[in-house]
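Observations on chain architecture
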Number of protein chains: 2
Amino acid sequence: MRDNKSKYHHGDLRAALIGEAVDMIADGGVESLTMRDISGRLGVSRAAPYRHFPKKSDLLVAVAASGFEGLRDRMQAMDAAAPRSSVERVRRLGEEYVRFAIENPAQYRLMYGKEALSRQDLPVLREAANAIFDHLVLVIRAHQKSGGIKRQDPRMMAFVAWSSVHGLASLIIEGQILTEIDVDELIRQTTRTLLDGMRVHRTCSTRKS
Amino acid sequence: MRDNKSKYHHGDLRAALIGEAVDMIADGGVESLTMRDISGRLGVSRAAPYRHFPKKSDLLVAVAASGFEGLRDRMQAMDAAAPRSSVERVRRLGEEYVRFAIENPAQYRLMYGKEALSRQDLPVLREAANAIFDHLVLVIRAHQKSGGIKRQDPRMMAFVAWSSVHGLASLIIEGQILTEIDVDELIRQTTRTLLDGMRVHRTCSTRKS
DNA sequence: CCCGAGTGTTGACACTGTCAACATAACCCG
DNA sequence: CGGGTTATGTTGACAGTGTCAACACTCGGG
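What comes next concerns the included structure. (Residues numbered from 1 in each chain as written. Chains lettered and ligands numbered in written order. Predicted model: local features only at pLDDT ≥ 70, side-chain atom pairs only at ≥ 80, totals over all residues. Heavy atoms only, no water.)

1. Some details on the overall build of chain A
Scanning chain A from N- to C-terminus turns up eight helices and zero strands. At a minimum sequence separation of 6, the contacts of chain A that also span at least 24 residues come to 65%. Carbon and sulfur atoms make up 50% of the accessible area of chain A, which totals about 10200 Å². (Helix = DSSP H or I, 4+ residues; strand = E, 2+ residues; numbered from the N terminus. Contact = heavy atoms within 4.5 Å. Areas by Shrake-Rupley, 256 points an atom, 1.4 Å probe, with all protein chains shown as cover.)

2. Regarding the packing of aromatic side chains
Under the counting rule described, the total for this entry stands at 14 aromatic pairs over all chains. Centroid distance Phe159(A) to Trp162(A): 6.0 Å. Interplanar angle 25 degrees. Geometry classified as stacked. With a gap of three residues between them, Phe159(A) and Trp162(A) both fall in helix α7 (residues 154-173), about one helical turn apart. Residue classification places Trp162(A) among the buried positions, given a relative accessible area of 7%. Ring centres of Tyr112(B) and Trp162(B) lie 5.9 Å apart, and the angle between their planes is 65 degrees; this geometry places the pair in the edge-to-face category. Taken together, the positions of Tyr112(B) in helix α5 (residues 105-112) and Trp162(B) in helix α7 (residues 154-173) put the pair 50 residues apart, joining distant regions of the chain. One exposure class covers both Tyr112(B) and Trp162(B), and it is buried. Through a chain of ring-to-ring contacts, the aromatic side chains of Phe68(A), Tyr97(A), Tyr108(A), Tyr112(A), Phe133(A), Phe159(A) and Trp162(A) assemble into a single cluster. (Phe/Tyr/Trp six-rings, centres within 6.5 Å; stacked < 30°, edge-to-face > 60°. Buried < 20%, exposed > 50% of the residue type's maximum accessible area, 1.4 Å probe, protein only.)

3. Structural notes on the side chain of Gln189(A)
Summarising the element assignment, Gln189(A) is placed in helix α8 (residues 183-199). Owing to a relative accessible area of 0%, Gln189(A) belongs among the buried residues under this scheme.

Structure, rendered in structure tokens:
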């Protein structure tokens, strides 16, 4: 029932829609995705997608959700393979985050911009984003316990860390980084500065490096 | 010729378009701005705007450019009024940056997202963004000279700083910050961590605060 | 005074998201 | 096996959109 000539029923249109949408968005951006176009590519009529996604924005939400899954998997894999030094854990987590955004710019934009998304379905995405954030909080809390670290609210510090990597990722994928800057070095510098900033607070003797 | 009953010629349609577009985007977002709607609001026919902006995206670029002007003015004013302590200068600059984004979320999104903008006219915006960035580089370079600071490439460090505040601003205006977090405190914490991270590098004795 | 350039208008077109009505296939229960 | 219920896909239609071409008006300078 899934791959022979009987073409009236597609077999698994819902999954095919999400996959094709990811591809179309990857090259061409969100605005290059049109209901009629994606229907045609899947050899189906223009209204067929509406049996699975009542609104176009619902399809976009699904694409964003799949992006969150991919990001979560990558970060968990990275964290599992990371050395036990808490500093390295935080640093690698941040770098992997930025790398994901660089490799999937349009999808990343969709995940964190409410521009193209309907206001209501954000809870689904919110939950997915929270899962990743909670993991970050855990890692940062562990890092704080390792000593020599500011005793700030780990949630607060997690937001600070998230701001750094999210901002860096955004600037890079929006093309705001001057070409003369070495992006890899910039990523390293960002995580380094962040970690140094988390280490001490006002009490460090000012001494030139 | 500008305000009496002779209504065939609007007087200064171009400026009126930008102003109205700013308002419409401010409440309703970019997608609530439609060529036909804005024409109606200004008592003009739907094709009239095209005498001043060949494409809708050109109007959006103008809106973004006006946003950059506003941001630049605010940051320059803040910097002029700031105390001479270089730490305070950097901190206040960052906080003012985030505040601008919070107060003009849709416009800020337009300024830094290439989503709704045509690819070609970015040079204009690039220049406006660069002006602000260059100012930041200056302030950071001055801060570095004040002592006790990493001797990193100031351009690089400016990007790190920019990433922090841009990321924080983005997360806030996209509604990603949990409600239980005090946003003002988060802003302060972000700039504080950033400044601490810029101060020293690997050479600071690890001591609990 | 007139005419050309600047500006505004009208009609039209292709394209979009979306819905209602209909058609077909799959599935389930007797 | 058969018939009906449900899930899925199709077609036609509509309103709204950006944008262009052809036309109309008006103002400033020769």
